[in-house]
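Notes for the structure review
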Amino acid sequence: MRLLVRFVLPVLGILGILVGASSFLVSTTFRRWTEKDMALRAELAANGAREGLVHYWRDSDRAAMERVLAQITRDERMVGAAACGYDCELIAVSPGFPPGFDCATVGKSVREPGDAPGIVWKWKIWSETIQVAGGRFHVTAVPIFDRGQAFGFVTFVQDLSYADRRQSTVLKYAAAGLAFFAVTASLLTVLVARFSWREWNVEMRRLLRGGPSHSMRPEFQPIMRDLRELVSQIAVEAHTGPRGSAWTAERLRQTLRQKLHGERITILANRQPYMHQKNPEGGVSVLHPASGLVTALEPVMRACSGVWVAHGNGSADRDVVDERAHVQVPPGEESYTLRRVWLSPEEERGYYYGFSNEGLWPLCHLAHTRPLFRDEDWAYYQSVNAKFADAVRSEVDSDDPIILVQDYHYALAPRMLRDRLPRATILTFWHIPWPNSERFGICPWHDEILEGLLGSSILGFHTQQHCNNFLDAVDRFLEARIDRERHAIIQGGRATLIRPYPISIDCPSRWAKLVAPVAECRASVFAELGLPPDALLGVGVDRLDYTKGIEERLLAVEKFLERFPQYQGRFTFAQLAAPSRTAIERYRDLNTNVEQLAARINGRFERAGYHPIVLLRRHHEPLDVFRYYRAADLCYVSSLHDGMNLVAKEFVSARDDDRGVLILSMFTGAAMELTESLVVNPYDLRQASEALAAALSMPAGEQEDRMRSMRLYLTEFNVYRWAGRMLLDAARVRSRDAMSHRLVNHLRPIGRM
Ligand code: F6P
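Note that the structure is a prediction, hence the values are computed from the model and not measured.

Before going further, it helps to spend a moment on the pattern of salt bridges. Taken as a whole and judged by the stated rule, the model has 57 salt bridges. Put simply, aspartate 399 and arginine 423 hold a salt bridge, and the shortest N to O gap is 3.4 Å. Placement of aspartate 399 in the loop between helix H10 (375-395) and strand E14 (402-406) and of arginine 423 in the loop between helix H11 (413-420) and strand E15 (425-429) is noted, with a sequence separation of 24 residues between them. Judged by relative accessible area, which is 31%, arginine 423 ranks as partly exposed.

What follows is the structure in structure tokens.
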């Protein structure tokens, strides 16, 4: 069947078109040639017989003229000829001259009134193909002159049926020839393709089995490089864990032990995983900040141990640290060190609120907020990056440590760390999108940022597109060699690898293990929101950030209630919104807008005890968030632009009952992975409202199929794999660096001799 559709039908189609076109061409050309030929033959016959005819014409010897005419029409294709006089009267006719042709009719075409004095008629040779009594004939009339005197004309009638027969024979041969040609050409193409494919396969196998590289054909080199990388990656991954095992915390620990000799990991990230806050009523609480970065990296740190260097911004943070600003975390399960760095309010304003969040954040997100770049913010960004680089320097315990630099707050730190620790392995991960180079060029310090990041050994983004954008920016703004095959940038003899590492979560999540069963979560959340048991619940969980599309989400709920009124009074959307960056005006405006929007929509649809939108604007601890995930019928992630979005992944990981529907913005990195979600354009309110309706009416079986498939994916592609892949790449970079270091040390004494 596949052969029929892919090969036979297209060949037949093309053949049909070819045969049709060539028949048309052959028949029109053939007809033109035949008619020309017949007219010429009639003219020749008339010229050959002219002398005899004129002689007998003068003598009015009709019998002799008819003999001459019979002689010149002896050819089997010549049906007959007739001599017509000056006044178009019939004078003589050959045997077989068909009836229906009379001199008077032909005469109208062969002569016309003269247009000069003394010229009564102007004569010309005339010919035409005509259809008579089922047959096609070619008629030619040739005027007969002798020494300037016109006698009349001879009409020749020739049979065209033989030409038709010839034409159809030619067409048959042409069609057969074309068919033969088309089939042969197709077969040859298939054979060549098969042969090349086999050759390609053989070559690939040979090379994969370790064939000599000098015999590698040049066209195979790029793909070989990629393949080898992939194969060695798979081989290393297979080596670092028990056969067929998924990535887990334990496997990550083993990888660190085996491939990186148990090196201590130092993470530099602005947001700390635990924040100590003074309670108004006294005492201290420990909060888990709402941050995708923390969600992903905290389980990695638990597994690897080491030090997390971060800004200490909690009101009780200073009270709980030792003299080195260290505190052991997680509380009660101490497995790694949190090193807090203190910032003055001016530093925080310039570096965090200013350059990071009013400059780089809107620069990298396509969310219609204008980036603001101020000189004083840039100055703080530089000095605070240096401050954190110094803090990291003071935490590492060797001259070649492994340092994980996180996010856009530290674009300059990798270069600063490289200057302080030239042999360090620096893995930088950019958690937000990287814009295209036109947009990136808006930043007045684009060169410095690129130079800063190129201090890294490896620079990771969520998607290949962001990697490509970064490579383009370097190409455009810096003097550096770009090795596009290795996806590396070489500067001053040192390479920075640019790689996509789509971030993920700890799946199955430890919060999902701690939270109550689904039914209990549903009951408690419904009680909290005052919903009847048959209500339907949607959730959104975000920092209150304009990139998250929260306004568009609420508008989609409004459109949904408008278009599907049967859900009015039944569907409630709970928006868990953690206030974020409220020192920035744009965020304060967003807060007000969201509040007003929710109030307006509620005003439109509320009825006794029913408010379609529940806005929960406060910090929610992870267990609370998981309770809402598990209670909901759907979760809507409507980011206008998002590097990955871990809320989407968390919702899936929370649903161990395989129920609930995820609606996901197409502008998130997660949409490329969670393909069983309902992917929407959040700006398209109609489409989003339809997705809400589809989610609420989705049969249980379909929900289960989709959720199961996404959960399976996340179990495989979890955050341990994300970290593991980066650490394995780091191990390769380290062994390469160690080799060149040994070589340099070995050559140095020789050089001195
Ligand atoms: O999305 C990138 C990211 O750095 C997240 O890791 C984090 O959730 C957020 O942005 C930063 O938020 P905050 O400014 O509160 O640290």
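On inspection of all chains with the given rule, the structure shows 1 disulfide. Here cysteine 84 is linked by a disulfide to cysteine 103, with a sulfur-sulfur distance of 2.1 Å. Because the torsion about its S-S bond is -65°, the bridge between cysteine 84 and cysteine 103 counts as left-handed. Of this pair, cysteine 84 sits in strand E1 (residues 78-85) while cysteine 103 sits in helix H3 (residues 103-110); the two residues are 19 residues apart in sequence, bridging distant segments of the chain. A residue is classified by how much of its surface remains accessible, and cysteine 103, at 8% relative accessible area, is buried. There is no disulfide at cysteine 467, and the cysteine sulfur nearest it, in cysteine 364, is 14 Å away.

In this structure, tyrosine 56 sits in helix H1 (residues 2-58). In this structure the C-alpha to C-alpha distance between tyrosine 56 and valine 68, which are 12 residues apart in sequence, comes to 9.3 Å. What tyrosine 56 contacts, discounting residues up to four positions off in sequence, is Asp61, Ala64, Met65 and Val68.

This next bit is on the sheet that holds strand E25 (residues 678-680). Reading across the sheet, the 6 strands line up as E22-E21-E20-E23-E24-E25 and stay open at both edges, with parallel pairing between neighbours. Each of the sheet's edge strands pairs with one partner strand only, and the pair in question is strand E22 (613-617) and E25. Going from strand to strand, the sheet's axes swing by 20° on average, the running direction of each strand aside. Most of the contacts of helix H17 (residues 550-563) go to strand E21 (residues 571-578), to which it runs at about 175°, and overall it touches strand E20 (536-543), E21, E22 and strand E23 (634-637). Along the sheet, helix H21 (residues 685-696) contacts E20, E21, E23, strand E24 (661-665) and E25; its crossing angle with E25, the most-contacted strand, is approximately 170°.

For the rest of this paragraph, the subject is the domain arrangement of the protein chain. Its domain assignment divides the protein chain into domain 1 (2-165), domain 2 (249-500) and domain 3 (529-717). Relative to domain 3, the C-alpha centre of domain 2 lies at a distance of 29 Å. Taken together, the contact pairs 27 residues of domain 2 with 22 residues of domain 3. Roughly 1,900 Å² is buried in total at the junction of domain 2 and domain 3, and carbon and sulfur atoms are behind 65% of that figure. Across the contact surface, domain 2 and domain 3 share 0 salt bridges. Residues of the side of domain 2 that touches domain 3, tallied by class, amount to 15 nonpolar, 11 polar and 1 charged.

So, how was this worked out
- Residues numbered from 1 in each chain as written.
- Predicted model: local features only at pLDDT ≥ 70, side-chain atom pairs only at ≥ 80, totals over all residues.
- Heavy atoms only, no water.
- Salt bridge = Lys/Arg side-chain N within 4 Å of Asp/Glu carboxyl O.
- Helix = DSSP H or I, 4+ residues; strand = E, 2+ residues; numbered from the N terminus.
- Buried < 20%, exposed > 50% of the residue type's maximum accessible area, 1.4 Å probe, protein only.
- Disulfide = S-S within 2.5 Å.
- Contact = heavy atoms within 4.5 Å.
- Pairing = 2+ DSSP bridges.
- Axes fitted to C-alpha atoms, helices over the stretch in contact; angles between N-to-C directions.
- Domains from an automatic or database assignment.
- Buried area = accessible area lost by both parts, 1.4 Å probe.
- Nonpolar A, V, L, I, M, F, W, Y, C, P; charged D, E, K, R; others polar.

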